[in-house]
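# Structural features, examined
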Amino acid sequence: FVLMQVNYVEGEPETYSVPLSITSAEQMRAIRREQPHAVVARLRVPDKDSEWLLCDAMMDQSFCKSLLQSISRRRRFKGRVGQIVASTTRAFHSARGPDEVPLEPTPMTVEQTNTSVVYGGRLILKLFRQLGDGINPELEIGRFLTERTTFAHVPPLAGALEYFRTKGEPLSLAVLQGFVPNEGDAWRYTLD
């Protein structure tokens, strides 16, 4: 995960989450063909005839699988000035279903400011691209409704990824929710 701060001539700076991965030659062709917008840079190894792609990791199935695995195992990843903490809620196991059933990640292609990945029609991970200081309201409200009430008319919060800095407030990176099949989103409805 790369956190990038953008400073403007006028206005407040903004922080963005940019998960990156390096793909092999075989994955490279598929990414260039199916998701050219995910390519950040071409990498060449000096003195070797090999090329790699630095790309948006959310388009990499292995990375998406590792995100779900990290949340389920409540992993922690240390960085230079903080750590990413993966957590689950009491709704995780029922929303996820049996451990023996693999949940293949499928990135969603709708136009939005976040990046979402559906796991086997059971879970959806929403990665926040623009980050704000403190707990994201979607995480805070979802956690409250899932952990402290019996309100069942929203998708249950199954887990989260948060970045805890040594100085400053934590940043909400992503929420993992129970997936609710639907006919589309408000943006598509409005366009139609």
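Now for a look at the structure at hand. Quick caveat: nothing in here was measured; it's all calculated off a predicted structure.

## Remarks on the overall build of the chain
Within the chain, the secondary structure is distributed over five helices and 13 strands. Considered along the principal axes of its C-alpha atoms, the chain spans approximately 60 × 40 × 40 Å. Here the chain holds 192 residues, and 36% of them are scored as buried. Counting only contacts in the chain whose residues sit at least 6 apart along the sequence, the fraction spanning at least 24 positions is 54%. Total accessible area computed for the chain in this model is approximately 12300 Å², and 53% of it derives from carbon and sulfur atoms.

## What about the sheet that holds strand β2 (residues 14-18)?
Strand order in the open sheet made by the three strands is β1-β2-β11, with antiparallel pairing throughout. Looking at which strands have only one partner, the edges of the open sheet turn out to be β1 (2-6) and β11 (130-131). Bridge analysis of β1 against β2 gives five bridges, and the strand direction is antiparallel. If you follow Met4 over to β2, its bridge partner there is Tyr16.

## Focus on the sheet that holds strand β4 (residues 39-44)
If you trace the three strands from one edge of the open sheet to the other, you get β3-β5-β4, paired in antiparallel fashion. A strand with exactly one partner marks an edge of an open sheet, and here the two such strands are β3 (20-23) and β4. Strand-to-strand, the axes of this sheet are offset by a mean angle of 25°, without reference to chain direction. When β4 meets strand β5 (residues 51-56), the two strands line up antiparallel, connected through five bridges. The residue of β5 that forms the bridge with Val39 is Cys55.

## Some points on a nonpolar patch on the surface
On the surface, Ile22, Val45 and Trp52 cluster together into a nonpolar patch covering about 240 Å² of accessible area. Mapped onto the elements of the fold, Ile22 is located in strand β3.

## A closer look at unusual backbone geometry
In the Ramachandran plot, Arg74 falls in the positive-phi region, its phi being about 50° despite a non-glycine side chain. Overall, Arg74 belongs to the exposed group, its relative accessible area being 53%.

Quick notes on the rules
- Residues numbered from 1 in each chain as written.
- Predicted model: local features only at pLDDT ≥ 70, side-chain atom pairs only at ≥ 80, totals over all residues.
- Heavy atoms only, no water.
- Helix = DSSP H or I, 4+ residues; strand = E, 2+ residues; numbered from the N terminus.
- Buried < 20%, exposed > 50% of the residue type's maximum accessible area, 1.4 Å probe, protein only.
- Contact = heavy atoms within 4.5 Å.
- Areas by Shrake-Rupley, 256 points an atom, 1.4 Å probe, with all protein chains shown as cover.
- Pairing = 2+ DSSP bridges.
- Axes fitted to C-alpha atoms, helices over the stretch in contact; angles between N-to-C directions.
- Patch = residues over 30% accessible without salt bridge, like charges linked within 9 Å, V, L, I, M, F, W, Y side chains within 5 Å.
- Salt bridge = Lys/Arg side-chain N within 4 Å of Asp/Glu carboxyl O.

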